[in-house]
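# Examination of the molecular architecture
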Number of protein chains: 2
Amino acid sequence: MSRCLSTDRMALSRAGALSLAMTAYRLIYTGIRVKNMDESLRFYTEVLGMQVVEKRERTPPTVGEVATLRSRDGNQLLELNWYDEGSRFAPPYVNGEDLDHLGFDVDDIDAALAELAGKGVEVLIRPGEIGGELGWREAFVKDQNGIWVELLQRK
Amino acid sequence: MSRCLSTDRMALSRAGALSLAMTAYRLIYTGIRVKNMDESLRFYTEVLGMQVVEKRERTPPTVGEVATLRSRDGNQLLELNWYDEGSRFAPPYVNGEDLDHLGFDVDDIDAALAELAGKGVEVLIRPGEIGGELGWREAFVKDQNGIWVELLQRK
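Residues numbered from 1 in each chain as written. Chains lettered and ligands numbered in written order. Predicted model: local features only at pLDDT ≥ 70, side-chain atom pairs only at ≥ 80, totals over all residues. Heavy atoms only, no water.

## Some remarks on the pattern of salt bridges
Just so we agree on the cut-off: When a carboxyl oxygen of Asp or Glu lies within 4 Å of a side-chain nitrogen of Lys or Arg, that pair is called a salt bridge. Labels follow the DSSP assignment, with helices taken as runs of H or I lasting at least four residues and strands as runs of E lasting at least two, numbered in each case from the N terminus. Three exposure classes are used, based on accessible area relative to the maximum for each residue type with a 1.4 Å probe and protein chains only: buried under 20%, partly exposed in between, and exposed over 50%.
As enumerated under the stated definition, the model contains twelve salt bridges over all chains in all. When the shortest N-O distance is used, the salt bridge between E97 of chain A and R33 of chain B registers 3.0 Å. One end of the pair, E97 of chain A, is in the loop between β4 (77-83) and β5 (99-105); the other, R33 of chain B, is in strand β1 (residues 26-33), on a second chain. Like R33 of chain B, E97 of chain A is buried.

## As for the relation of the copies chain A and chain B
Stated formally: The copies were overlaid with a least-squares fit restricted to C-alpha atoms from residues scoring a pLDDT of at least 70 in each copy. Between two residues, a contact is recorded if the distance between any of their heavy atoms is within 4.5 Å.
When chain A is brought onto chain B, the operation consists of a screw motion whose angular component is 180° and whose axial shift is 0.0 Å, with 0.0 Å RMSD remaining. This pairing of chains is accounted for by a two-fold axis. Closest approach to the rotation axis within chain A is made by the C-alpha atom of G96 of chain A, at a distance of 1.8 Å. When the interface residues of chain A are mapped onto chain B, 100% of them again fall at the interface, so both copies present the same face.

## A word on the pairing of β1 of chain B
Counted only if it meets this: A pair of strands is labelled paired if DSSP reports no fewer than 2 bridges between them.
The element β1 of chain B is largely enclosed, with a buried count of seven among its eight residues. When β5 of chain A meets β1 of chain B, the two strands line up antiparallel, connected through six bridges. Each bridged residue has a counterpart across the sheet, and for D105 of chain A the counterpart in β1 of chain B is R26 of chain B. In this structure, β1 of chain B lies alongside strand β4 (residues 77-83) of chain B, joined through four bridges in parallel fashion.

In structure tokens:
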């Protein structure tokens, strides 16, 4: 946490309690950075069945490429961002803690995990492994970028 | 990239081209990890105007807390995850490259940036700074976790 953001936090505490947002900010997508656009497109479309809703294209201002995906019956937009080596947005790829996970629901988690295993995707946390009483059964895999992907089957 | 994931990638190349997903995987939310639930709830609700659609609650299996948010006229779900120090999901908080940014649209980016500045949020990339011909004007701030938040105004 930088000194600058600490200062921001204090200002936020003073101002935030007094006023709600006047501007209508609307979350419209989550953008992940991918190491290889071909591989990530294949993972999210061929393995996880998403559809390309904004086709892959070059983005000269960022020296990269972008594509936007959505699940067939879903409304969450996932933007894949790739940056070429010369881009100012391409520091070395480090996996962080800020993106906790992407959540996908499935009707039958056992069938899903068998299918994923058949496609070479390693299941890293299996149903029941976390323990505790939840309203769903869940498992975790990672995409090729090291991003945690949760699969959930509601009970 | 671990050796294990490299192997997975090869298996994926062989299998992925032959079969589409049979299971219906549906992306239902993006989960971010937050350092402090009070501060992140305040930022996303009081500053960015999101609404709590699944209220903050303890999650004993992960030794943490969770809350889910949505913009007033949006359908993207943002899950805030906080983990206590004793949680297996609480390695030191590192900002990575995997979460590129969260995208919020606004009607008037200049008004939005003035409002954010008034609440102590520093604007890190201003409209026009990236350059190039885009179909929108955009700016970037960070939340208290160091997560890049893009604001977009369509032209």
